[in-house]
Amino acid sequence: SAARVFFTFVESIVESSMGRGGDNTTPLVATEFAWSEVTKHRTPKDAWLVCENKVYDVSGWHAHPGGDVIFTMAGFDATDAFDLFHGPGTTKHLAKFCVGKLKDDDRPKTCDDRPKTKEQVDFEEGYRALRKRLAKLKLFDASFTYYAYKMASTLAIAVLASAVIAAQNPAETTAKARGMRLLGASILGIFFQQCGWLCHDLLHNQLFARRRYLGKYFGLFWGNLAQGFSVSWWMNKHNTHHSVPNVHATGADAQNGDPDIDTMPFLAWSRPMLRLVGDSGLAKFMVARQHVLYLPILAFARLSWLEQSLAYVLNLDATAGRQIKGASPGELKPVPYERTELALLGLHYAWYGYLAYLHPSLLDAAAFLVVSNVVCGLTLAVVFGLGHNGMAVYDAADRPDFWKLQVTTTRNVTQDPLGFVHWFCGGLDYQVEHHLFPTIPRHNLAKVSQLTKDFCKEHGVRYHEAGILEGTVEVLDHLKAIANDFLTDFPAM
């Protein structure tokens, strides 16, 4: 079939672009390694990881279909992360990367050579059993009807925004006409936000679990064309965040830190980040006032993401994120469907620019662009902030097991009777459950939530949720505490 031919073609591309580990033609399972050896390989250029007690060398495999997220597990046990991010047929691709197995004496230990307690072993077995239970309950199965409705209703928001703007006389500059155009711009900002949630679901393979290439195609439509964000840029950034939320990298050459908290010189989320202030006057000014400036900063979030998307696909400069860490200058991470991405981004700016063109003056067009971007930036970023900001922050070498990391760094948003919160947050109101089981469709997260709460309570793991306003206050209070630490403990700066 055409699908089988396509998959064979993709697999041939992936295999031809594998890193050093993928060169193995025969699995080398006879060699045994201790954790002390595995943890020496923690950079993208030299990356080993453990999965089901086998050791894999994935060094330099930047063509990994999920992006550079694979390097967040370099030097760590990737067993649970692998299970949560991959489909059932992926295991067959692992053999060519296998370089040995973990020593028997090291299997009951953590990667830093500490023996696992009986409670920890029981805990790990428990959450793996919970995942199997969720699969048995078919909570990983998507409703195509639900997603057809979400796509149609989201597209209707764009139609409504366009109709409101187009209905005004292009020459009319009355307060009423301008007000209606700004209303249309606000509605368009909400459309961009809702596109973000749809693209998020699709690229997490929530809809097309077994035909993931379809998820990529739909993602290109809702991401590049509708929203203006490169899906390659987003996947590399977001999948890395999912693997290590609120984690600081072990070093500049490692890729085991969360890019979503790499927000200096504007925001510091932990005391270690205060060391990055240095002599920067901008950083000193921003960090000292970050609790006051937080929401104004979020207003510019969409503009920042648009710039990052274009910079990534076009590789505009060294900060664009395409350059491979530790590699020769000019060696870039691959962008699948690069020309398609660029073409669709161009079409996004064409239709978005046409709506701006319908305004009677440059000032009106500028107001349209500002309002649509600010509404999107605020509504997206506030939800992102609620998910993790103000929660626990870890150093990569000292992070807890995968489950505890996801739960302790994540905040859920409590529901309202009308379902507004769930619609507004796009399913990220159940952020804890989404981080633990990222491929479970949005419409099943409410059912997963109670099972997750019960499990956390049984094992003494803190599970936190708050309302939208309450959670935002928690974020601001956390920023204020870090700012006070800066002013009190770093007076020389």
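These numbers come from a predicted model, not from an experiment.

## So, the overall build of the protein chain
Secondary structure summary: the protein chain contains 19 helices and 9 strands in total. Against the 2.2 N^0.38 benchmark of 23 Å for 493 residues, the protein chain shows a C-alpha radius of gyration of 23 Å, consistent with a compact globule. Counting only C-alpha atoms and orienting by the principal axes, one finds that the protein chain spans roughly 80 × 65 × 50 Å. For the protein chain, the residues scored as buried account for 51% of the 493 residues in total. Across the protein chain, the fraction of contacts at a sequence separation of at least 24, relative to all contacts at a separation of at least 6, is 71%. For the protein chain, the computed accessible surface area is about 22400 Å², with 62% contributed by carbon and sulfur atoms. Each charge class in the protein chain can be summarised by its mean position, and for the 48 positive and 49 negative side chains these summaries are 4 Å apart.

## Remarks on helix H7 (residues 212-227)
The sharpest bend along H7 measures roughly 30° and falls at Gly219. Inspection of H7 places Tyr213, Gly215, Gly219, Leu220, Trp222, Gly223, Asn224, Leu225, Ala226 and Gln227 among the buried residues, and these make up the whole buried set. Backbone geometry just after H7 places Gly228 at a positive phi near 90°.

## Considering the packing of helix H12 (residues 301-314) against helix H14 (residues 362-388)
Remark: H12 packs on H14, axes separated minimally by 7 Å, with the N-to-C direction vectors making an angle of 90°. Considering the angle they form, H12 stands roughly perpendicular to H14. Residues Ala301, Arg302, Leu303, Trp305 and Leu306 of H12 form the contact with H14, whose participating residues are Asn373, Cys376, Gly377, Leu380, Ala381 and Phe384. Among the residues making up the contact of H12 with H14, the classes are represented as 8 nonpolar, 2 polar and 1 charged.

## Section: the packing of aromatic side chains
Geometrically, a pair of aromatic rings is defined through the distance of the ring centres and the angle of the planes. This structure, assessed with the given rule, holds 29 aromatic pairs. Between the aromatic rings of Phe123 and Trp403, the centroid separation amounts to 6.3 Å while the plane-to-plane angle is 90°, which identifies the pairing as edge-to-face. Of this pair, Phe123 sits in helix H4 (residues 118-136) while Trp403 is found in helix H15 (residues 402-408), placing the two residues 280 residues apart along the sequence. Taking relative accessible area as the criterion, Trp403 reaches 3% and is therefore assigned buried. Consider the rings of Trp197 and Phe384, whose centres lie 5.6 Å apart with planes at 85°: the pair is edge-to-face. Linking Trp197 in helix H6 (residues 175-203) with Phe384 in helix H14, this pair joins segments that are 187 residues apart in sequence. Of the residues examined, Trp197 reaches a relative accessible area of 1% and is grouped as buried. One aromatic cluster is present, built from ring pairs that chain together Phe123, Tyr127, Phe140, Trp403, Phe437 and Phe455. When the ring centre of Phe76 is taken as reference, the NZ or CZ atom of Arg42 above it lies at 4.2 Å.

## Description of a nonpolar patch on the surface
Taken together, Leu155, Val159 and Phe221 make up a surface patch of nonpolar side chains, about 260 Å² in accessible area. In this fold, Leu155 is placed in helix H5 (residues 144-166).

## Describing the sheet that holds strand E2 (residues 42-43)
With mixed pairing, the 5 strands of this open sheet are ordered in space as E1-E5-E4-E3-E2. Two strands lie at the open edges of the sheet, namely strand E1 (32-33) and E2, each paired on one side alone. Where E2 and strand E3 (residues 46-51) come together, 2 bridges link them in antiparallel fashion. Each residue of the ladder has a partner; that of Arg42, found in E3, is Ala47.

## Description of the pairing of E3
Burial analysis of E3 places 5 of its 6 residues in the buried class, the great majority of the element. Connecting E3 to the next strand, strand E4 (residues 54-57), in antiparallel fashion are 2 residues, including Glu52 with a positive phi near 50°.

## Section: the pairing of strand E5 (residues 98-102)
Of all 5 residues that make up E5, 4 are buried, and the element is covered over most of its length. Where E1 meets E5, 2 bridges bridge the pair, whose relative direction is parallel. The residue bridging Glu32 from the neighbouring strand is Lys101, located in E5. Direction of pairing for E4 relative to E5: antiparallel, over a ladder of 3 bridges. In the strand pairing of E5, Lys54 is matched with Lys101.

## Quick word on H12
The first and last C-alpha atoms of H12 sit 20 Å apart over 14 residues, in line with the 20 Å expected at 1.5 Å per residue. Summarising the contacts, the buried residues of H12 are in contact with H6, H7, helix H8 (231-243), helix H11 (290-298), helix H13 (338-357) and H14. One or two residues past the end of H12 sits Asn315, with phi positive at roughly 50°.

What counts as what
Residues numbered from 1 in each chain as written. Predicted model: local features only at pLDDT ≥ 70, side-chain atom pairs only at ≥ 80, totals over all residues. Heavy atoms only, no water. Helix = DSSP H or I, 4+ residues; strand = E, 2+ residues; numbered from the N terminus. Rg over C-alpha atoms; globule rule 2.2 N^0.38 Å. Buried < 20%, exposed > 50% of the residue type's maximum accessible area, 1.4 Å probe, protein only. Contact = heavy atoms within 4.5 Å. Areas by Shrake-Rupley, 256 points an atom, 1.4 Å probe, with all protein chains shown as cover. Lys, Arg positive; Asp, Glu negative; His and termini not counted. Charge placed at Lys NZ, Arg CZ, Asp CG, Glu CD. Bend = angle between axes of the 7 residues up to and from the residue. Axes fitted to C-alpha atoms, helices over the stretch in contact; angles between N-to-C directions. Parallel < 35°, antiparallel > 145°, perpendicular 65-115°, else oblique. Nonpolar A, V, L, I, M, F, W, Y, C, P; charged D, E, K, R; others polar. Phe/Tyr/Trp six-rings, centres within 6.5 Å; stacked < 30°, edge-to-face > 60°. Lys NZ or Arg CZ within 6 Å of the ring centre and 35° of its normal. Patch = residues over 30% accessible without salt bridge, like charges linked within 9 Å, V, L, I, M, F, W, Y side chains within 5 Å. Salt bridge = Lys/Arg side-chain N within 4 Å of Asp/Glu carboxyl O. Pairing = 2+ DSSP bridges. Expected span 1.5 Å × (residues − 1).

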